[in-house]
Amino acid sequence: MTTCARCVLPILASEDPLPLEHQEVFAREAHEGASRTRCPACGQDFLRLWREVGGWDIEDIWVYWVPITTAEIAQLRAASDPLKQASTLVMSRTRLVRMPSGTLHVSSESREIGIWMHT
């Protein structure tokens, strides 16, 4: 994976809106989805995973981005459960997180709200 100065995770965490372009959808359900985005400057692909976490009175949307390889894109396309595959990829590496408040930060925590319950 090759990133440029524009799409290194700490730099992305300081930009809003993110400079990533939508490429394709791997999975979309009512409360979660996974797609591929790309840095327009260097072509690095990123997995974008979002989950709505809530109940009757809370609907928080958490969004995660991680750089991915061509082989991982092929695995996501072929996966019988692309959301589970996406969750596993996101949790396996340092990621950019957009919290429901809109705040962006870089995380390598072993648990993330909205992901740990699906892996």
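Up top is the structure these notes are about.
Residues numbered from 1 in each chain as written. Predicted model: local features only at pLDDT ≥ 70, side-chain atom pairs only at ≥ 80, totals over all residues. Heavy atoms only, no water.

Draft legend 1. Focus on the overall build of the protein. The helix and strand tally for the protein stands at three helices and six strands. Reading the protein from its N terminus to its C terminus gives the helix and strand order α-β-β-β-β-α-α-β-β. By residue count, 43% of the 119 residues in the protein fall in the buried class. Taking as baseline every contact in the protein between residues at least 6 positions apart, the subset at least 24 positions apart corresponds to 48%. Carbon and sulfur atoms form 50% of the exposed surface of the protein, whose accessible area is close to 6,500 Å². (Helix = DSSP H or I, 4+ residues; strand = E, 2+ residues; numbered from the N terminus. Buried < 20%, exposed > 50% of the residue type's maximum accessible area, 1.4 Å probe, protein only. Contact = heavy atoms within 4.5 Å. Areas by Shrake-Rupley, 256 points an atom, 1.4 Å probe, with all protein chains shown as cover.)

Draft legend 2. Fine view of helix 3 (residues 82-91). Most of helix 3 sits inside the fold, with seven of its ten residues counted as buried. Every buried residue belonging to helix 3 is among Pro82, Leu83, Ala86, Ser87, Leu89, Val90 and Met91, and all of these are buried. Turning to helix 3, the residues buried within the fold contact strand 1 (21-28), strand 2 (32-38), strand 3 (45-54), strand 4 (59-68), helix 2 (70-78) and strand 5 (95-98).

Draft legend 3. Examining the nonpolar core more closely. Counting residues in each nonpolar core, the largest one holds 17 residues, and the members touching the most others are Ala34, Leu47 and Leu76. Leave out the neighbours within four places in its chain, and Ala34 touches Val25, Phe26, Ala27, Leu47, Arg48, Leu49, Leu83 and Ala86. Core analysis: the next-biggest nonpolar cluster, separate from the first, contains 13 residues, Cys7, Cys39, Phe46 and Trp65 among them. (Core = buried A, V, L, I, M, F, W, Y, C linked by side-chain atoms within 4.5 Å.)

Draft legend 4. Highlighting the packing of helix 2 against helix 3. Where helix 2 contacts helix 3, the two axes come as close as 8 Å, and the packing angle between them is 150°. The orientation of helix 2 with respect to helix 3, classified from their angle, is roughly antiparallel. As for the relative orientation of helix 2 and helix 3, their crossing is right-handed in sense. Contact residues: helix 2 offers Glu72, Gln75 and Leu76, while helix 3 offers Pro82, Gln85, Ala86 and Leu89. Residues belonging to the contact of helix 2 with helix 3 are distributed by class as follows: four nonpolar, two polar and one charged. (Axes fitted to C-alpha atoms, helices over the stretch in contact; angles between N-to-C directions. Parallel < 35°, antiparallel > 145°, perpendicular 65-115°, else oblique. Left-handed = near helix turned anticlockwise from the far one by under 90°. Nonpolar A, V, L, I, M, F, W, Y, C, P; charged D, E, K, R; others polar.)

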